[in-house]
Amino acid sequence: MIKLVSLTICPFVQRVTALLEAKELPYEIEFISLDNKPQWFLDISPNGQVPILITESKDVLFESDAVVVYIDEVTAPLENDVSPEQSAKDRAWSYQAPKHYLVQCPAMRSTDKETLDEKSAKLAKAFQKAESVLSDGPYFKGQQLSNVDIAWLPLLHRSAIIEKNTGYDFIKGFPKVKAWQSAILATEIPTKSVSENFIEKFKDFYLSEDTYLGNLMNRYQTEIA
């Protein structure tokens, strides 16, 4: 069985586990702390980052883009009969999502409203581009779940968690993206692709008292109580 080494709230890891869940593939997962990386991990990880995937033959793969390509190459695709041109377009749209993991994560850690709004505006540019090309749904390309949906899933999942707990909506004003988010959540892949204590760990880091969203959560929960 393949094995993933992960950080509990890492969106790059969730992209990989979401693909595995979408394909209903068995896997093991081990969580580590990046603040105290075990030596065995440093010995096998070329970049010292997660995720790494250990294949059944004990080869170690790293970088999430490479890992998802490997999974696709050794398993049945989510879609059949995709043309080379469409496949290239799908990869291009999939590559856009991880770039914005690195925008969303610091946005959620913002300590004040001005910083949050500034970083959210950068993230909104990505959602605006998606809005302009989204099909009639329910998924990015239509009726069939694809690798593009899987790549964007961590962004949409985290946006939903933030909105539910704080009322702050990263995708406000993008109705097609909003419907897409609902369709992705309805698959239950987002919840299946994270650990049982994911929400707790997520809140501890992104909705702590030293973040603007954390303080917003406290006010929001009081208002809706």
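Computed from a predicted model, the values in this text were never measured in an experiment.

Turning to the overall build of the protein, a few remarks are in order. Helices and strands together make up the secondary structure of the protein, namely 10 helices and 4 strands. Traced from its N-terminal end to its C-terminal end, the protein shows the element sequence β-α-β-α-β-β-α-α-α-α-α-α-α-α. Radius of gyration (C-alpha) of the protein: 18 Å, near the 17 Å computed for a compact globule of 225 residues. With the C-alpha coordinates of the protein rotated into their principal frame, the extents come out at 55 × 45 × 30 Å. For the protein, the proportion of its 225 residues judged to be buried stands at 46%.

Evaluated as defined, the whole model comprises 9 salt bridges. Across the pair Lys3 and Glu30 runs a salt bridge whose closest N-O atoms are separated by 2.7 Å. Highlighted residues: Lys3 in strand E1 (residues 3-6) and Glu30 in strand E2 (residues 28-31), separated in sequence by 27 residues.

Here we come to the pairing of E1. Sheet analysis places E1 next to E2, joined by 4 bridges and oriented parallel. Note that in E2 the partner of Ser6 across the bridge is Phe31. Where E1 lies against strand E3 (residues 52-54), 3 bridges are found, and the strand directions are antiparallel. Opposite Lys3, over in E3, you have Ile54 as the bridge partner.

Take the packing of helix H1 (residues 11-22) against helix H4 (residues 84-108) next. The geometry of a pair of packed helices is captured by two quantities: the angle between their axes and the separation between those axes. Contact pair H1 / H4: the axes reach a minimum separation of 10 Å and the direction vectors enclose 140 degrees. On H4, the residues touching Pro11, Phe12 and Arg15 of H1 are Ser94, Pro98, Tyr101, Leu102 and Cys105.

Okay, a positive patch on the surface next. Together, Lys99, Lys122, Lys125 and Lys129 give the surface a local cluster of positive charge. You can call Lys122 partly exposed: its relative accessible area is 47%.

Looking now at H1. Given a rise of 1.5 Å per residue, 12 residues ought to cover 16 Å, and the 16 Å separating the end C-alpha atoms of H1 matches this to within 8%. Counted residue by residue, H1 has 9 buried out of 12 residues, so it is predominantly covered. Here H1 has its buried residues at Pro11, Val13, Gln14, Arg15, Val16, Thr17, Ala18, Leu19 and Leu20. Tucked inside the fold, the buried residues of H1 contact E1, E2, helix H3 (64-74), H4, helix H6 (147-166) and helix H8 (189-192).

The subject of this paragraph is the sheet that holds strand E4 (residues 60-62). One open sheet accounts for 4 strands, arranged E2-E1-E3-E4; its pairing is mixed. Only two strands of the sheet have a single neighbouring strand rather than two, namely E2 and E4. Taken pair by pair, the neighbouring strands of this sheet meet at an average axis angle of 25 degrees, ignoring direction. Here H1 sits on the sheet in contact with E1 and E2, set at roughly 155 degrees to E1. Along the sheet, H3 contacts E3 and E4; its crossing angle with E4, the most-contacted strand, is approximately 125 degrees.

What follows concerns the nonpolar core. The biggest cluster of nonpolar side chains holds 56 residues, and the ones touching the most others in it are Phe127, Trp152, Phe170, Val177 and Trp180. Contacts of Val177, omitting those with residues within four sequence positions, involve Phe127, Ala130, Glu131, Leu134, Leu156 and Ile171. Formed by 8 residues, the second largest nonpolar core is a distinct cluster that contains Cys10, Phe41, Val50 and Ile52.

Our focus in this paragraph is the packing of H6 against helix H7 (residues 175-186). Where H6 contacts H7, the two axes come as close as 9 Å, and the packing angle between them is 100 degrees. The angle between H6 and H7 places the two elements in the roughly perpendicular class. Residues Asp149, Trp152, Leu153, Leu156, His157, Ser159, Ala160 and Glu163 of H6 pack against Val177, Lys178, Trp180, Gln181, Ile184 and Leu185 of H7.

Turning to the environment of Asn80, a few remarks are in order. With respect to the helices, strands and loops of the structure, Asn80 is situated in the loop between H3 and H4. Asn80 sits in the exposed class, given a relative accessible area of 61%. When the C-alpha atoms of Asn80 and Gln144 are compared, they prove to be 10.0 Å apart, with 64 residues separating the residues in sequence.

About the thresholds
- Note that residues are indexed from 1 along each chain, following the sequence as it is written.
- Per-residue local features of the predicted model are confined to residues with pLDDT of at least 70, and side-chain atom pairs are confined, for both listing and counting, to 80 or more; whole-chain, interface and lining totals are unaffected and use all residues.
- Hydrogens and waters are ignored; side-chain quantities use all the structure's heavy atoms.
- Every helix listed is a DSSP run of H or I at least four residues long, and every strand listed is a run of E at least two residues long, numbered separately from the N terminus.
- Within these notes, the globule rule equals 2.2 Å times the number of residues to the 0.38 power, and the radius of gyration is based on C-alpha atoms.
- A 1.4 Å probe rolled over the protein chains alone gives each residue an accessible area, and that area as a share of the maximum for its type sets the label: buried under 20%, exposed over 50%, partly exposed in between.
- Any Lys or Arg side-chain nitrogen located within 4 Å of an Asp or Glu carboxyl oxygen qualifies as a salt bridge.
- Strand pairing is assigned whenever DSSP detects at least two bridges linking the two strands.
- Axes here refer to lines fitted to C-alpha atoms; in helices the fit is confined to the stretch in contact. Angles between the N-to-C directions go from 0 to 180 degrees.
- By the convention used here, residues are in contact when the closest approach between their heavy atoms is within 4.5 Å.
- Each patch is assembled from residues with relative accessible area greater than 30% and no salt bridge, linking like charges that lie within 9 Å and nonpolar side chains (Val, Leu, Ile, Met, Phe, Trp, Tyr) that lie within 5 Å.
- A 1.4 Å probe and the Shrake-Rupley method give the accessible areas. Residues count as covered only by the protein chains that appear here.
- Here the positive residues are Lys and Arg and the negative ones are Asp and Glu; neither His nor the chain ends is included.
- Positions of charges follow a simple convention, taking NZ of Lys, CZ of Arg, CG of Asp or CD of Glu.
- One fewer than the residue count of a helix, multiplied by 1.5 Å, yields its expected span.
- Each nonpolar core is a collection of buried residues, namely Ala, Val, Leu, Ile, Met, Phe, Trp, Tyr and Cys, held together in the definition by side-chain atoms within 4.5 Å.
- Under this scheme an angle from 65 to 115 degrees is roughly perpendicular, one under 35 degrees roughly parallel, and one over 145 degrees roughly antiparallel; angles in between are oblique.

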